[in-house]
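Observations on the model geometry
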Amino acid sequence: MQQEQAVPITLNIKSELKVITHLAWPAILGMLGGQVMNIVDMLMLGRLGEDAIAIAGMGFLWSMPMIMFMIGCIRGMDPIVSQAHGAKTHSIATLAYARGFVIAGILLLPAMGWHLLAPWTLKILNQPLHLIPEASQYCFALMWGIPGSLAFHVQRAYLQGITLMRPPAVVMLGANLFNVPLNWLLMYGWPGFEGFGVIGCAWATALCQTIVPLWLWLRSRHQLPKAWLKESGICNLKGLRKQMALGIPIAMQICLEAWAFNVAGLLVGTLGANELAAHMIALNLATTAWMFAMGLSAAATTRIGNLLGAAKPWHVASWTAITLAVALMTLSAILFIFYPGLLANLYTHESDIVGLALILIPIAGAFQIVDGIQSVAGGVLRGLADVRIPAIALIVAHWLIGLPLGAYLAHTTNLGVQGIWWGLVAGLTLTAAFFCIRILQLTKTGVKTV
């Protein structure tokens, strides 16, 4: 392990802005491509009635915790590949890529088992009983997209680590070309074929997740390692443990926030179907805005890792990326706060659901800037392979403060679903503060390469 000493800030802010923007815009488009699929799903589900969004929302809220955890474990590749690319030690990046597939294989069966538990766990979690059978079927259909999703994220982690952001972005945007017709066919049917309704949406998602890794491989086969299966030491336990030692805290860092929103959704589900539908609309909008921050976060991870691997100063790049996040998320905050009615009516015209969404969407606007800061600051820390302390910070911010505060406000102050969302605001604000303090600390002490 090589120790990087604290160095003076000598890089030019303008040049870093150019580099990070160059890395970020395709990553943002790729993130938006995935989110557009979710938005289209929500819009098309709205045509099936008021329960459709709640059913899909319940299935999604059960599925996503495990999906996010798996993706996070795979992203143990992020600091290894980006730092190896900066140091020009390409064999290390190739080995990390190969081990990414091994780790994905290890995670596959537990992930499928998680989805099969939905009928029992949703009852235990006190979700609306009349929605649970279809929500469980929704989870079962989503389960079959897991292998393709894992393969895609291994490929994307490698390509982004070597600064190739465009291929995954093109594939994710292009996946929408498949998603819409598959949704239409499997949800609504076609002459001579009866659609599956809400469950058809999940089957369409699973099919798209199977297509994208094949497409990405065809498009990037010359950039992806060609002989990675011949790498010695792929299944070396010490090497796998090292990569997982990075991946599990990264998974927790990513998941603890996402799980907080999922648990918030389950808490909302106990309040009623309309509350859950309104929550899903506001969450879908907030997640769409979050894609901009996540694209910047991916760019920050790559840039910071490359600079650290090359033994160059990384400090200017980190604060440049965070400043860009503030600028972008200010725009979404304005949109959410001043135009909630316009946004809510894109999803449904059910007056009860729209009325609740009009309350929640401006609250989502209140946390846009801090959400951007904590997302990009988290990407900076991942590029530095500083993953354990941020995971602890997220536990404190969301699980010891934010969620308990939200539950208290919801059930003891008559704020209902609003109280849960104000708890989320508190958790995100604390996380942003913790991460920025950690970056300042590492600026002074220096960072070890992996």
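Coordinates for the structure precede this section.
Residues numbered from 1 in each chain as written. Predicted model: local features only at pLDDT ≥ 70, side-chain atom pairs only at ≥ 80, totals over all residues. Heavy atoms only, no water.

Counting its regular elements, the protein contains 17 helices and two strands. A compact globule built from 450 residues should have a C-alpha radius of gyration of about 22 Å, and the protein, at 21 Å, falls within 12% of that. Overall, the C-alpha framework of the protein stretches about 60 × 50 × 35 Å when taken along its three principal axes. Counting every position in the protein, which comprises 450 residues, the buried fraction comes to 59%. (Helix = DSSP H or I, 4+ residues; strand = E, 2+ residues; numbered from the N terminus. Rg over C-alpha atoms; globule rule 2.2 N^0.38 Å. Buried < 20%, exposed > 50% of the residue type's maximum accessible area, 1.4 Å probe, protein only.)

Take the packing of helix α2 (residues 50–74) against helix α4 (residues 90–116) next. Two elements in contact, α2 and α4, have axes whose closest approach is 10 Å; the angle formed by their N-to-C orientations is 170°. By the angle class used here, α2 and α4 are roughly antiparallel. Between α2 and α4, the residues in contact are Trp-62, Ser-63, Pro-65, Met-66, Ile-67, Met-70, Cys-73 and Ile-74 and Gly-100, Ile-103, Ala-104, Leu-107, Pro-110, Ala-111, Trp-114 and His-115, respectively. For the contact of α2 with α4, the per-class residue count stands at 13 nonpolar, three polar and no charged. (Axes fitted to C-alpha atoms, helices over the stretch in contact; angles between N-to-C directions. Parallel < 35°, antiparallel > 145°, perpendicular 65-115°, else oblique. Contact = heavy atoms within 4.5 Å. Nonpolar A, V, L, I, M, F, W, Y, C, P; charged D, E, K, R; others polar.)

Taken as a whole and judged by the stated rule, the model has nine aromatic pairs. An angle of 85° between the planes, with centres 5.2 Å apart, marks the rings of Tyr-97 and Phe-101 as edge-to-face. Placement of both Tyr-97 and Phe-101 in helix α4 is noted, with a separation of four residues, approximately one turn of the helix. Phe-101 sits in the partly exposed class, given a relative accessible area of 23%. Ring centres 6.0 Å apart and planes at 80° place the aromatic pair Phe-140 and Trp-144 in the edge-to-face group. Given the relative accessible area of 43%, Trp-144 is considered partly exposed. Grouped by ring-pair contacts, the aromatic residues Tyr-97, Phe-101 and Tyr-158 constitute a single cluster. Above the face of the Tyr-188 ring, Arg-47 is positioned so that its terminal group lies 5.1 Å from the ring centre. (Phe/Tyr/Trp six-rings, centres within 6.5 Å; stacked < 30°, edge-to-face > 60°. Lys NZ or Arg CZ within 6 Å of the ring centre and 35° of its normal.)

Together, Ile-334, Leu-335, Ile-337, Phe-338, Tyr-339 and Leu-342 make up an exposed nonpolar region whose accessible area comes to about 610 Å². For Tyr-339, the position within the fold is in the loop between α12 (315–338) and α13 (340–344). A residue is classified by how much of its surface remains accessible, and Tyr-339, at 46% relative accessible area, is partly exposed. (Patch = residues over 30% accessible without salt bridge, like charges linked within 9 Å, V, L, I, M, F, W, Y side chains within 5 Å. Areas by Shrake-Rupley, 256 points an atom, 1.4 Å probe, with all protein chains shown as cover. Salt bridge = Lys/Arg side-chain N within 4 Å of Asp/Glu carboxyl O.)

Attention now goes to the side chain of Thr-320. Along the polypeptide, Thr-320 turns up in helix α12. The residues contacting Thr-320, other than those within four sequence positions of it, are Ile-13, Glu-16, Leu-17 and Ile-20.

Tallied over the entire structure, the rule returns four cavities of 30 Å³ or more. Here the second largest cavity defines a volume of roughly 100 Å³. If you go around the second largest cavity, the residues you meet are Gln-253, Ile-254, Glu-257, Trp-290, Met-294, Ser-297, Gln-374, Ser-375, Gly-378, Arg-382, Leu-394 and Phe-435. Tallying contributions element by element places helix α15 (residues 368–383) first for the lining of the second largest cavity, with four residues. Split into classes, the residues belonging to the lining of the second largest cavity amount to five nonpolar, five polar and two charged. (1 Å grid on protein atoms, 1.4 Å probe; cavity = no way out; pocket = protein on both sides within 12 Å on 5 of 7 lines; lining within 4 Å. Points joined across faces, edges and corners; volume = space filled by probe spheres on them.)

With that settled, consider the environment of Pro-26. Relative to the assigned elements, Pro-26 resides in helix α1 (residues 13–45). The buried category is assigned to Pro-26, whose relative accessible area is 2%. Spatially, the C-alpha atom of Pro-26 lies 8.5 Å from that of Pro-168, the residues being 142 residues apart in sequence. The contacts of Pro-26, once residues within four sequence positions are left out, are Met-165, Arg-166 and Ala-169.

In this section: the pattern of salt bridges. If you walk through the whole model with that rule in mind, you get three salt bridges. A salt bridge links Arg-303 to Glu-16; its shortest N-O distance comes to 2.6 Å. With Arg-303 in helix α11 (residues 273–309) and Glu-16 in helix α1, this residue pair connects regions lying 287 residues apart in the sequence. Looking at Arg-303, the relative accessible area reads 19%, which means it is buried. Of the charged contacts in the structure, one is a salt bridge between Arg-75 and Asp-78, with a shortest N-O distance of 2.7 Å.

Here we come to helix α8 (residues 166–188). Between its first and last C-alpha, α8 extends 34 Å over 23 residues, near the 33 Å set by a 1.5 Å rise per residue. Phe-178 marks the point of greatest bend in α8, at about 25°, and the proline Pro-181 comes within the next four residues. One or two positions beyond α8, positive phi appears at Gly-189, with a value near 85°. (Expected span 1.5 Å × (residues − 1). Bend = angle between axes of the 7 residues up to and from the residue.)

Moving on, we get to the packing of α2 against α11. Packing of α2 against α11 brings their axes to within 9 Å, and their N-to-C directions diverge by 55°. As judged from the angle between their axes, α2 and α11 are oblique. The way α2 lies across α11 gives a crossing that is left-handed. Residues Glu-50, Asp-51, Ile-53, Ala-54, Gly-57, Met-58, Phe-60, Leu-61 and Met-68 of α2 form the contact with α11, whose participating residues are Ala-273, Asn-274, Leu-276, Ala-277, Met-280 and Trp-290. (Left-handed = near helix turned anticlockwise from the far one by under 90°.)

This part takes up unusual backbone geometry. At Thr-163, a position not held by glycine, the phi torsion is positive, near 75°. Mapped onto the secondary structure, Thr-163 falls in the loop between α7 (146–161) and α8. Exposure remark for Thr-163: the relative accessible area of 32% places this residue in the partly exposed category. For Ala-385, which is not a glycine, the phi torsion comes out positive at approximately 60°. Here Ala-385 is to be found in the loop between α15 and α16 (388–412).

This part covers the nonpolar core. Ranked by size, the top nonpolar core spans 148 residues in total, and within it Tyr-158, Trp-314, Phe-367 and Trp-421 carry the most contacts. For this core, the element with the most residues is α11, which contributes 20 residues. The residues touching Phe-367, leaving out its near neighbours within four places in the chain, are Phe-261, Ala-286, Trp-421, Val-425 and Leu-428. (Core = buried A, V, L, I, M, F, W, Y, C linked by side-chain atoms within 4.5 Å.)

Treat this as a map of the structure, not an account of what it does.
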